[in-house]
Amino acid sequence: MNRIVTLDEFILRRQKDFPYATGELTGLLRDIGVAAKIVNREVNKAGLVNILGFAGEENATGDRVAKLDIYANEKLIECLSNSGECCAIASEENEDFVPLPPLEGKSSKYVVVFDPLDGSSNIDVNVPVGTIFGIYRRKSDPSGPATLEDFLQKGSELVAAGYVLYGTSTLLVYSTGRGVNGFTLDPTIGEFCLSHPDIQMPGRGRYYSVNQGYYLKFDVEMRRYIDYCSDLNLRLRYIGSMVADVHRILFQGGIFLYPNTRKYPHGKLRLLYECNPLSFIVEQAGGKAVTCQLERILDIEPQDLHQRATIAIGSAEMVDEMVEFVQRYSALPV
Ligand code: AHM
Ligand code: MG
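Just so it is clear, the structure is predicted and the values come from calculations on it, not from any experiment. (Residues numbered from 1 in each chain as written. Chains lettered and ligands numbered in written order. Predicted model: local features only at pLDDT ≥ 70, side-chain atom pairs only at ≥ 80, totals over all residues. Heavy atoms only, no water.)

**Student:** Can you help me understand the overall build of the protein chain in this one?
**Tutor:** In terms of helices and strands, the protein chain carries eight helices and 17 strands. Sorting the 334 residues of the protein chain into buried and exposed places 54% on the buried side. Relative to all contacts within the protein chain whose residues are 6 or more apart in sequence, the contacts with residues 24 or more apart total 65%. Carbon and sulfur atoms make up 49% of the accessible area of the protein chain, which amounts to about 14700 Å² in all. Taking the average location of the 34 positive side-chain charges in the protein chain and that of its 43 negative ones, the two points are 5 Å from each other. (Helix = DSSP H or I, 4+ residues; strand = E, 2+ residues; numbered from the N terminus. Buried < 20%, exposed > 50% of the residue type's maximum accessible area, 1.4 Å probe, protein only. Contact = heavy atoms within 4.5 Å. Areas by Shrake-Rupley, 256 points an atom, 1.4 Å probe, with all protein chains shown as cover. Lys, Arg positive; Asp, Glu negative; His and termini not counted. Charge placed at Lys NZ, Arg CZ, Asp CG, Glu CD.)

Next up, the structure:
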């Protein structure tokens, strides 16, 4: 019989692989695991307790805020305050970064960025949503307050990143830069259990994922590439929850695109807490992620907490092909 390995046990085991590890990152990952279980409980019973729907506010980037967004945001902040390892967070739901109170004079070395509930416009219709997170070592002096500079780090400087997908089952996938592992929540024991060790992304796949409704609003090179995907008889799948769409291609291979449109000339998705963590995971699993202007996502120097980016992310060979299309057709007159 296979022995069950819980997330806590796995994180602790991995800590022992680093001779000078102090347990701080371990503590942080555990805090996120606890928050994920709490958010999962609420997402699952959302229909029962009148928590569905919009709260009547707009968030920092102007989207309507669903009530569960606010709940998930609060729970993540609360849980990340537990171990005292995180000195500040930046979230899709907060205009500015939020400093967390130090614990018993502890000086914490990390900051965490997150989208508490990605794809939240789907909640009312029971479509999968997710939490996306990234962890950075702070740049500022650990004895002082966190600064904006702590957050404006390139994705390549992430210490760890991951996501939780609240789907038909609840999965937590994370990486500390040494491969990617996935854990499924066993609701009977309330534990995330290792279910997908050492995830490797297929070099290509049969899926492409893009909001094809915006086709006419994309640049010509993107339209050509999408035509090519269709000519190849690739299957179009678009859930409208980035975390769920990327999860599919992580396991089955494919490409996810969110190019610039007239409405979103710099792309819609947010660099810090959507594109960077998922790009970190995908690269760790052998895939690639670039902007539609061909810059590696993890190399972008962020200027703003809520900066947007275009993205093409997925199986390495397919991203390479998309890059060739952009190089070939972007010089053409529209
Ligand atoms: P959100 O963080 O406000 O939920 O927005 C991000 C979501 C992504 O999950 C998804 O890929 C995208 O928005 C869908 O946008 P569109 O409806 O324009 O296709
Ligand atoms: Mg989001």
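**Student:** What should I look at first to understand the sheet that holds strand 6 (residues 129-137) in this one?
**Tutor:** Remark on secondary structure: sheet strands pair via backbone hydrogen bonds, oriented parallel or antiparallel. Strand order in the open sheet made by the eight strands is 4-3-5-6-7-8-9-10, with mixed pairing throughout. Looking at which strands have only one partner, the edges of the open sheet turn out to be strand 4 (98-99) and strand 10 (191-196). The pairing of strand 3 (residues 86-91) with strand 4 spans two bridges and is classified as antiparallel. Its bridge partner being in strand 4, Ala88 is matched across the sheet by Pro99. The strands that helix 3 (residues 67-82) touches are strand 3, strand 5 (110-118) and strand 6; relative to strand 5, the one it contacts most, it runs at about 155°. In this fold helix 7 (residues 271-284) packs onto strand 3, strand 5, strand 6, strand 7 (160-166) and strand 8 (170-175), with an angle of close to 100° to the strand it touches most, strand 7. (Pairing = 2+ DSSP bridges. Axes fitted to C-alpha atoms, helices over the stretch in contact; angles between N-to-C directions.)

**Student:** Sorry if this is basic, but what is going on with the site of ligand 1 here?
**Tutor:** Surrounding ligand 1, one finds 18 residues, the nearest of these being Gly119, Tyr214, Tyr238, Met242 and Tyr258. Between ligand 1 and Asp118 there is a distance of 2.9 Å, counted from an oxygen atom to a side-chain nitrogen or oxygen. Between ligand 1 and Tyr258 there is a distance of 2.6 Å, counted from an oxygen atom to a side-chain nitrogen or oxygen. Listed by contribution, the elements that provide at least two residues to the shell around ligand 1 are strand 5, strand 13 (254-258) and strand 14 (269-270). (Near = heavy atom within 4 Å. Polar contact = N/O pair within 3.5 Å; in protein donor to acceptor, adjacent residues only side chain to side chain.)

**Student:** What is the right way to look at the environment of Tyr208 in this model?
**Tutor:** Locating Tyr208 in the fold gives a position in strand 11 (residues 207-209). For Tyr208 and Arg237, which are 29 residues apart along the polypeptide, the C-alpha to C-alpha distance reads 6.3 Å. If we ignore the near neighbours within four places in the chain, the residues touching Tyr208 are Ile226, Cys229, Ser230, Leu234, Arg235, Leu236, Arg237 and Ile255.

**Student:** Just checking my understanding: could you explain the environment of Ile255 for this structure?
**Tutor:** By secondary structure assignment, the location of Ile255 is in strand 13. Note on Ile255: relative accessible area 0%, which makes it buried. On a C-alpha basis, the gap between Ile255 and Ser108 in space is 37 Å, while along the polypeptide they are 147 residues apart. Discounting residues that sit within four places of it in the chain, Ile255 has contacts with Tyr207, Tyr208, Ser209, Tyr225, Ile249, Ile313, Gly314, Met318, Val319 and Met322.

**Student:** Is there a simple way to think about the coordination of the magnesium ion (ligand 2) in this case?
**Tutor:** Around a metal, the perfect tetrahedron of four donors has angles of 109.5 degrees, and the perfect octahedron of six donors has angles of 90 or 180 degrees. Within the protein, the atoms that donate to the magnesium ion (ligand 2) are Asp115 (OD), Asp118 (OD) and Glu274 (OE), at distances of 1.8 to 2.3 Å. One chain supplies every donor to the magnesium ion (ligand 2), and in sequence these donors are spaced D-x2-D-x155-E. Remark: Glu274 occurs in helix 7 and Asp118 occurs in strand 5; sequence separation between them is 156 residues. On the accessibility criterion, Asp118 (6% relative accessible area) is buried. (Donors = N, O, S within 2.8 Å, 3.2 Å for Na, K, Ca; no water.)

**Student:** What is the right way to look at the sheet that holds strand 13 in this model?
**Tutor:** Taken together, five strands build an open sheet; the order of strands is 12-11-13-17-15 and the sheet is mixed. Of all strands in the sheet, those with a lone pairing partner are strand 12 (235-236) and strand 15 (288-290), marking the two edges. Direction of pairing for strand 15 relative to strand 17 (residues 311-314): antiparallel, over a ladder of three bridges. Paired with Val290 across the two strands is Ala312, which belongs to strand 17. Lying over the sheet, helix 7 contacts strand 15 and strand 17, oriented at roughly 30° with respect to strand 17.

**Student:** Which parts of the structure should I look at to understand the packing of helix 5 (residues 220-231) against helix 8 (residues 316-329)?
**Tutor:** At their nearest, the axes of helix 5 and helix 8 sit 8 Å apart, and the two run at 135° to each other. With respect to helix 8, the element helix 5 is oriented oblique. Classified by chirality, the crossing of helix 8 by helix 5 is right-handed. Judged by residue contacts, Val220, Glu221, Met222, Arg224, Tyr225 and Tyr228 of helix 5 engage Met318, Glu321, Met322, Phe325, Val326 and Tyr329 from helix 8. Of the residues contributing to the contact of helix 5 with helix 8, the split by class is nine nonpolar, no polar and three charged. (Parallel < 35°, antiparallel > 145°, perpendicular 65-115°, else oblique. Left-handed = near helix turned anticlockwise from the far one by under 90°. Nonpolar A, V, L, I, M, F, W, Y, C, P; charged D, E, K, R; others polar.)

**Student:** What's the story with the pattern of salt bridges in this structure? I'm lost.
**Tutor:** A side chain of one charge can pair with a side chain of the opposite charge if their charged atoms are brought near each other. As enumerated under the stated definition, the model contains 15 salt bridges in all. Of the charged contacts in the structure, one is a salt bridge between Arg30 and Asp8, with a shortest N-O distance of 3.5 Å. Taken together, the positions of Arg30 in helix 2 (residues 24-45) and Asp8 in helix 1 (residues 7-17) put the pair 22 residues apart, joining distant regions of the chain. Here Arg204 makes a salt bridge to Glu321, at a shortest N to O gap of 3.2 Å. With Arg204 in the loop between strand 10 and strand 11 and Glu321 in helix 8, this residue pair connects regions lying 117 residues apart in the sequence. We classify Arg204 as partly exposed; its relative accessible area is 36%. Assessed through its relative accessible area of 16%, Glu321 is described here as buried. Connected through salt bridges with shared partners, the residues Arg3, Glu9 and Arg13 form a single ionic network. (Salt bridge = Lys/Arg side-chain N within 4 Å of Asp/Glu carboxyl O.)

Function cannot be inferred from these measures alone, as they are strictly geometric.
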